[in-house]
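The lines below spell out each chain.
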Amino acid sequence: MEYNFTEIEEKWKKVWAEKQLYKVTEDTSKPKYYVLDMFPYPSGAGLHVGHPLGYVASDIYARYKRLKGYNVLHPMGYDAFGLPAEQYAIETGTHPAITTEKAMARYKEQLDKIGFCYDWDRKVVTCEPGYYKWTQWLFLQLYKSWYNRETNKAESIETLVKRFAAFGCDNTWIQFDEEAHPVFTAADWSIFPEHKKELILQNYRMVYRSSTEVNWCEALGSVLANDEIKDGKSERGGYPVTKKKMRQWSLRITEYADRLLEGLNRIEWSDSIKEQQRNWIGRSEGAIVDFKVNAPLVNGELVIQVFTTRVDTLFGVSFLVLAPESELVSLITTDDQKAIISEYLTYVKSRTDVERQQEKRVTGAFTGSYAVHPVTGNDVPVYIAEYVLAGYGTGAIMAVPADDERDRKFAEKFQLPIIEVIDKSMYEGATIEDKVGKMINSDFLDGMEVKDAISAMLDRIETLGIGKRKVNYKLRDASFSRQRYWGEPFPIKYKVFGVPDSPFADENPDDIADIPFALDESLLPLELPAVSNFKAGGDGRSPLANSADWVANNYETDTMPGYAGSSWYFLRYMDPNNAHAFASKEALDYWQQVDLYLGGSEHAVGHLLYSRFFTKVLHDLDFLKFDEPFKKLVNQGMITGVSQKILYDAHNDELGSHVERTSNTIFYEGSSCTLPEKASRIYYSADAIDCLPTYSREFIKLAKNVQIDFVNPNGVLDIEQYINWRIEEENAAFVCRGGIYFKGNFYENLNPIENPSRDFKTKAEVEKMSKSKYNVVNPDDIIAEYGADCFRMYEMFLGPLEQSKPWDQKGINGTAGFLRKLWRLFYDDKAGFKVTTDDATPAELKILHKLLKKIEYDMEHLSFNTSVSAFMIAINELTELKCSKHAILNELVIALAPFAPFTTEELWAALGNTESIHLASFPQFNEAYLVESSFNYPVSVNGKLRATVELSLSLGQDEVLAQVTELENVKKWMEDKAVKKVIFVKGKIINIVV
RNA sequence: GCCCGGGUGGUGAAAUCGGUAGACACGCAGGACUUAAAAUCCUGUGGCCAUUGCGGCUGUGCGGGUUCAAGUCCCGCCCCGGGUACCA
């Protein structure tokens, strides 16, 4: 009987669906295990072979855990709100819901073909009202809570309101932050109007509305979060991003900075991701130091606060620098410097983020004012410069040119004094960044090590009252508003008393038009209104501003960002259809954390940080018992594609020609070939380059991607197919070693050169798999040709899960051969089913149990590639022994079932089993079968391998040595030299030192 | 620049505690079967030398070191991939 994978797969897919084989319940009789894949965005292009890599791995693991007796939750769903569908809607008018629905159906079809064990009844889709009702509900929980720094957790906003009613707010309170929190008494609070109270509460809510500098992307018509920007451009589309002040919703994630750092120590994630999160949070310990402004024009006291991590260098301060955006700038600029400062500010504004990052110029301007050094009493000039960022620390620095590279460059340019304060001569190779050395020119600090000087100075500034210790973070509160249609509406209304507000309006504290009020939970979900125009509302307004109804109700017109829905989806899988809660307490307490989370490393800071934040808030509010969402995280590597490129001549190219091609003749070394007319462009076979004259080679540098299907396994391009695809190339010439293809004819080379091949060869290159590179391989095609089991095994066989590797179609024959070989242990072409009930021999049992042991080890280490090898070895060995025994094969197929669910199910049934193999128990390996009686010892003389010999493991060192020294080759190398030392490790090695 | 990964045959890779480097596959070469092809099977396959056999030398990015023994540990460097960047 033939191995017909298509038939087998169709058959079992149906049976499994009918029996609801993968249905999962909260079965308390079994230990639980939660395996999760990162939430896919259903793109219209469907899946390519790179996408399912992680899904296959998690599926194998989930199935393995099930065989091991666990109740496994392994769900799938879609992160279905998103920009591509909305962009498509803007272009075509097709509603994003329709586009998304189609894409999801396509995904499901592709995923089902691969044979994943998802319980589709638990599917979660973020754009469905049944789901986003709870995203909105979650938003309200955040809105109705504040972060209490005394208890160090989020709690109900009611406790804060009570506090204000009883005590008001004063600056001795731990929560107090001068910039954000106004001072008032309990009596004040009692008479504040509603909107004023709300305005104050916005300073504390976990989600709040404020006017902040945001990343505005004009092309997308929307605000972007920091992690959605790469190199100063939008991650999606690569459009320019500028800074703009806008009214926005933000998440108060900064309150969790320390707990987000601490939690990293309790989870099993890769060092690289943990490190990225630590860097993103960017905790640094330092101090705020006050410098009084000693300006002629200032009446009263004006203080510039600087943040520094290096208080030890305070005596090295020779000037201060403010961020150009600082509000102090206008206050301290002297009349005679006004022109220079204003000119500089204009320059700074003209610079985009991209320009700033690409060329770092030393620029700045003097304000004309001086500040008083708080310790020495000296005057230090105050500058502004773009290298100081408004958003970090206090937006002002004390410059120590002796110990900071940027300060030094600035000082050199503006000829400011450089005061050496640290002697690093005793530390060889220490750089300016290293916090080592002995203090000099620093008064009472002189002679101290940097470390001691820092703590001594911290004490001193606090005693003097000129500063205080301060921990600073790079982490910003996260922007939570998007000017888009295809996202969750906010459950927020504005009570408009004044004029409708513009998002770009300057902050006006008396403007009460912008005071938000939360909808009651009973009104959820607040569904997205149907609109016909998906374009932005203009002037920074969202598409929802186009809906008259929506605007009339004074609903928030922004929508939530992508991460709103994807930050908590793993909780919804636990109880996806619950209409009364985001998930029941029983389900949450049963499933708890995700035990194993698989996905790409591109979500290192975005999704993975927000999910941790949401989890911690829900934990604080007593919804969850755990405070970290993902116990173990594994990042699968990317599967790259092999692109096929053709090289062409840049002489007459649109990129600019400087050598006009005048002749119809192409020259080879020692030969030539003439075409009847001039070609529109000349392409060169990759193997023809070396037979061209040197002078023309240098122009052949450009490469163009061609559809990979046009290239045969030997790298030869089908020129006709290519021209049919790119009709504008019909007059192009294709130069091979043997001659030239031109307009369907072949013109032979006049004098034959070496290997005058007529093959036109492409150049292969490894790149990301993408539509635009024409190198996409669709899993559907692979499955049609080789079957899903073969596809699954090959994906795993390619290499370690976490490593990125190119997709090479050729190797798949290996796993295809393996499955056929396995099949032939069961079926003979002529004789048919040939499994016997004979007793297994010790040799056969050893093969089986060696395999079982290996698989168990590999599974725990997620080493799927070596598992596949182990199966191959076992099947090879059993084939060698012609073993078709029930006792062996029945257990072997169970072990293989997670990898090849279809084939093993078929064989399992053939073996006479009536229940599904996927409900079986993983066979326990028995160490007794693995005991070896002898070992093939490698014998070394002076550490070099000279012979191997099979010896009983019962022998001791002396007996082994006696046997070994009789070996001819060993004798030869020992000659008559005296034996100095013998190293003998039983079952490992014997090494004789002479 | 800084922080994480990584570097082993023609290719993907394996080597789990420092103990026979290259398992398992692909590819390639030769052979069997076949009218032929495909499929299948057998043999060989790191490099160099020897090949009549035993074998010998060399080899895990480079240079050192520790050790009876190093792909694995230590020191210094080079290259590739990812992240990040005026963060005070």
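This is a predicted model, so every value here is computed, not measured.

The rules we used
Numbers given for residues are sequential positions, taken from 1 along each chain in its written order. In the order they appear in the text, chains get letters beginning with A and ligands get numbers beginning with 1. Residue-level local features of this predicted model are given only where pLDDT is at least 70; pairs of side-chain atoms are given and counted only at 80 or more, and the full residue set underlies all totals for whole chains, interfaces and linings. Side-chain metrics rest on all non-hydrogen atoms present in the structure, leaving aside hydrogens and water. Secondary structure elements are defined from DSSP: runs of H or I of at least 4 residues count as helices, runs of E of at least 2 residues count as strands, and each element is numbered from the N terminus. Here the term buried applies to any residue with accessible area under 20% of the maximum for its type, exposed to any over 50%, and partly exposed to those in between, with areas from a 1.4 Å probe on protein chains only. Any two residues whose heavy atoms approach within 4.5 Å are treated as being in contact. Areas reported as accessible are Shrake-Rupley estimates using a 1.4 Å probe. Residue values count occlusion only from the protein chains shown. Note: two strands are recorded as paired if DSSP finds a minimum of 2 bridges between them. Each axis is a line fitted through C-alpha atoms, taken for helices only over the stretch in contact, and angles between the N-to-C directions span 0 to 180 degrees. Throughout this document, a residue counts as near a molecule or strand when at least one of its heavy atoms sits within 4 Å of that molecule or strand. N or O atoms closer than or at 3.5 Å make up a polar contact, with two conditions inside protein: a donor-capable atom paired with an acceptor-capable one, and, for residues adjacent in sequence, both atoms drawn from side chains. pLDDT runs from 0 to 100 and stands for how confident the predictor is about each residue.

Draft legend 1. Highlighting the overall build of chain A. Broken down by element type, chain A carries 31 helices and 39 strands. Each of the 994 residues in chain A was classed as buried or not, and the buried ones make up 53%. The contacts of chain A with a sequence gap of at least 6 include a subset with a gap of at least 24, amounting to 71%. Just so you have it, chain A exposes about 45,300 Å², and 50% of that area is on carbon and sulfur atoms.

Draft legend 2. Local environment of the pairing of strand β23 (residues 630-635). Alignment of strand β22 (residues 594-599) against β23, held across five bridges, turns out to be parallel. What sits directly across from V594, in β23, is F630.

Draft legend 3. Focus on the sheet that holds strand β2 (residues 71-73). Strand order in the open sheet formed by four strands is β2-β1-β22-β23, with parallel pairing between adjacent strands. Looking at the sheet topology across the chains shown, the edges are occupied by β2 and β23. Between one strand axis and the next, the sheet turns by 20° as a mean value, whatever way the strands run. Relative to β22, strand β1 (residues 32-37) runs parallel, the two sharing three bridges. Within β22, the residue paired with L36 across the bridge is Y597. Sitting on the sheet, helix α20 (residues 606-620) is in contact with β22 and β23, with an inclination near 175° to β23.

Draft legend 4. Representation of the protein's contact with RNA strand B in the model. Taken together, 54 residues form the shell around RNA strand B, and within it S272, T309, R406, L798 and Y857 come nearest. Protein-proximal atoms of RNA strand B, defined as those within 4 Å of the protein, fall in sugar or phosphate at a share of 61%. In this structure, a sugar or linking oxygen belonging to RNA strand B sits 2.3 Å away from a main-chain N or O atom of L798. At a separation of 2.9 Å, a base oxygen of RNA strand B approaches a polar side-chain atom of K854.

Draft legend 5. The arrangement of the environment of I229 in detail. Structurally, the position occupied by I229 is in strand β7 (residues 229-230). If near-sequence neighbours (up to four positions away) are discounted, I229 is found in contact with N215, L224, E235 and V241.

Draft legend 6. Inspection of the confidence of the model for chain A at higher detail. Per-residue confidence for chain A gives a mean pLDDT of 87; residues scoring 70 or more make up 94%. Here residues 498-507 scores under 50 on pLDDT; set against residues more than four positions off or in separate chains, the count is 25 contacts. Residue range residues 654-660 is modelled with pLDDT below 50. Its contacts to residues more than four positions away, or to other chains, number 13 contacts. If you check the scores for this complex, the pTM reads 0.90 and the ipTM reads 0.94.

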